[in-house]
Amino acid sequence: MHRSGFVAVVGRPNVGKSTLVNALVGHKISIVTSKPHTTRHAILGILTTADAQIVFIDTPGMDGGTGRLLNRAMNKAATAALDSADLVVLVVEAGVWKAKDQQALDQLRASGLPGVLVVNKIDRVRPKDRLLPILAEHGERHDFSAIVPVSALKRDNLSPLLDQVLSQLPEQEAFYDAGTITNRDLAFKAAETLREKLMHALREEVPYGLGVEIVALTDEDDGRLVIDATIWVDRESHKAIVIGKRGQQLKEVGMAARGDLQRALDRRVHLQSHVKVKKNWSDNAQSLRELGYDGEL
């Protein structure tokens, strides 16, 4: 018997969906920061065992917003994940229930799919006896097929979650080769790694107005991978912030991204970045297509 299927991992922004998918798959599939809306695309994280394959769909945070075209594209990506899923994992934060959590639950209900509730960040619950009432309260919100408390960051209680997910997937053959762990290519990984370091380094208002485009990937004769990246910002003032005094900010971000890529790829990497201003790029369909949002527009 072989089980296989697609599992949409959904929830409001910043509840730990990407951290959870990375932990379950055992590889860094999605970038992670403390800022909401870090994940902008639906990204597959594929876990393959001898008798099963789980294709997790890491989604942008559901917020119901209708602002810029980028926000609408992220909402569309999250909603579309439900259309191709066999099961939904709804992630919430232990001890917290917001209006956007309810919006995500409403979309789960509308999908008609079975749903597993993951109560994340249980390592923050103090005292520990608060957890049982929290789980009981969530159990009254919806007829979940299972409620599993976890700490994605600490990788605590993930095995029971995997057992619950596997038990609800259909019996069918695998969709991907055993060595495949994601549907995203090297250019996407490079762009996201650089964007992650930018989001860590920059002040609050800047990360949401920047995008990263990989202009070229070149394999050199000496074994190096040369990456040419353009960082798009939507304000001239943000360009100066990204570059920093005498270029120091951009240099430090580039070094951090290069280090991550070298470790992940196990090869030497040369990363060169340029910062350009494109006003309102996040509300421009052509600009978003250039950044890989074709399927979400």
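Above this text sits the structure in question.
Residues numbered from 1 in each chain as written. Predicted model: local features only at pLDDT ≥ 70, side-chain atom pairs only at ≥ 80, totals over all residues. Heavy atoms only, no water.

### Digging into helix α6 (residues 186–201)
1) Next: The first and last C-alpha atoms of α6 sit 23 Å apart over 16 residues, in line with the 22 Å expected at 1.5 Å per residue.
2) Next: Those residues of α6 that fall on the buried side of the exposure criterion are Phe188, Ala190, Ala191, Glu192, Thr193, Leu194, Arg195, Glu196, Lys197, Leu198 and Met199.
3) Next: The inward-facing, buried residues of α6 abut β2 (43–48), β7 (210–219), β8 (225–233), α7 (236–243), α8 (248–265) and β9 (269–277).
4) Next: Two or three places before Ala187, at the start of α6, stands the capping residue Asp185, its side-chain oxygen 3.4 Å from that residue's backbone nitrogen. (Helix = DSSP H or I, 4+ residues; strand = E, 2+ residues; numbered from the N terminus. Expected span 1.5 Å × (residues − 1). Buried < 20%, exposed > 50% of the residue type's maximum accessible area, 1.4 Å probe, protein only. Contact = heavy atoms within 4.5 Å. Polar contact = N/O pair within 3.5 Å; in protein donor to acceptor, adjacent residues only side chain to side chain.)

### Concerning the sheet that holds β8
1) Next: Taken in spatial order, the three strands make up an open sheet running β7-β8-β9, and their pairing is mixed. The open sheet has two edge strands with one neighbour each: β7 and β9. Within this sheet the neighbouring strands show an average axis-to-axis angle of 20°, counted without direction.
2) Next: Inspection of the sheet shows β7 paired to β8 by nine bridges, in the antiparallel sense. The partner of Leu210 across the bridge, within β8, is Val233.
3) Next: This element, α6, spans β7, β8 and β9 of the sheet and lies at about 135° to β7.
4) Next: Its contacts with the sheet place α7 against β8 and β9, and it is angled at close to 155° to β9. (Pairing = 2+ DSSP bridges. Axes fitted to C-alpha atoms, helices over the stretch in contact; angles between N-to-C directions.)

### Some remarks on the pattern of salt bridges
1) Next: By the definition in use, this model includes 15 salt bridges.
2) Next: One salt bridge in this structure joins Asp106 and Arg109, with 3.3 Å as the shortest N-O distance. Taken together, the residues span about one helical turn, with Asp106 and Arg109 both in helix α3 (residues 99–111) at a distance of three residues.
3) Next: Assessed through its relative accessible area of 37%, Asp106 is described here as partly exposed.
4) Next: Given a relative accessible area of 38%, Arg109 falls into the partly exposed group. (Salt bridge = Lys/Arg side-chain N within 4 Å of Asp/Glu carboxyl O.)

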